[in-house]
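Each chain is listed here by its residues.
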Amino acid sequence: MKCAFYGCSGLEDATIDNNGAIGYGAFCGCSMMRTATLGKLISSLGYEAFSNCENLQEIIVHDSVQS
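Residues numbered from 1 in each chain as written. Predicted model: local features only at pLDDT ≥ 70, side-chain atom pairs only at ≥ 80, totals over all residues. Heavy atoms only, no water.

(A) Seen up close, the sheet that holds strand β1 (residues 13-16). If you walk across this open sheet you meet the three strands as β1-β3-β5, and the pairing is parallel. A single partner strand is all that each edge strand has here, and the edge strands are β1 and β5 (58-60). For this sheet the average axis-to-axis angle between neighbouring strands, irrespective of direction, equals 5°. Judged from the four bridges that link them, β1 and strand β3 (residues 35-38) form a sheet pairing that is parallel. Directly across from T15, in β3, lies its bridge partner T37. (Pairing = 2+ DSSP bridges. Helix = DSSP H or I, 4+ residues; strand = E, 2+ residues; numbered from the N terminus. Axes fitted to C-alpha atoms, helices over the stretch in contact; angles between N-to-C directions.)

What follows is the structure, encoded as structure tokens:
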């Protein structure tokens, strides 16, 4: 998911439960995002995955995330 939702201004909350990783800059610039929940199948979180998410208040991360 490299830059998958880059700059998506309408995204407020996200629940990600795919098998694998959240890629580089996946949610970068999602200015209205408030919460993100990473499911148990997520193994890694890419560089700058949530950078410039100005309203981000909470990220829920399970123990399955190794990097």
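(B) Seen up close, the pattern of salt bridges. Taken as a whole and assessed by the stated rule, the structure comprises two salt bridges. We note a salt bridge from R34 to E12, for which the minimum N-O separation is 3.3 Å. With R34 in the loop between β2 (20-22) and β3 and E12 in the segment before β1, this residue pair connects regions lying 22 residues apart in the sequence. A residue is classified by how much of its surface remains accessible, and R34, at 35% relative accessible area, is partly exposed. Among the ionic pairs, R34 bridges to D13, the shortest N-O distance being 2.8 Å. On the criterion of sequence distance, the pair formed by R34 in the loop between β2 and β3 and D13 in strand β1 is long-range, its members being 21 residues apart. You can call D13 partly exposed: its relative accessible area is 40%. When salt bridges that share partners are traced, they join E12, D13 and R34 into one network. (Salt bridge = Lys/Arg side-chain N within 4 Å of Asp/Glu carboxyl O. Buried < 20%, exposed > 50% of the residue type's maximum accessible area, 1.4 Å probe, protein only.)

(C) The arrangement of unusual backbone geometry in detail. Its identity as a non-glycine residue notwithstanding, E48 has a phi of 55°, on the positive side. Mapped onto the elements of the fold, E48 is located in the loop between β4 (42-45) and β5. The class for E48 is partly exposed, based on a relative accessible area of 35%. At N52, a residue that is not glycine, the phi angle is positive and equals roughly 60°. Position of N52 among the secondary structure elements: in the loop between β4 and β5.

(D) Inspection of the nonpolar core at higher detail. Membership of the largest hydrophobic core comes to 15 residues, with the highest contact counts inside it found for I16, I22, F27, M33, L38 and F50. Contributions of two or more residues to this core are made by β1 and β3. With residues near it in sequence (within four places) discarded, F50 still touches F27, M33, A36, L38, L45, L56 and I59. (Core = buried A, V, L, I, M, F, W, Y, C linked by side-chain atoms within 4.5 Å. Contact = heavy atoms within 4.5 Å.)

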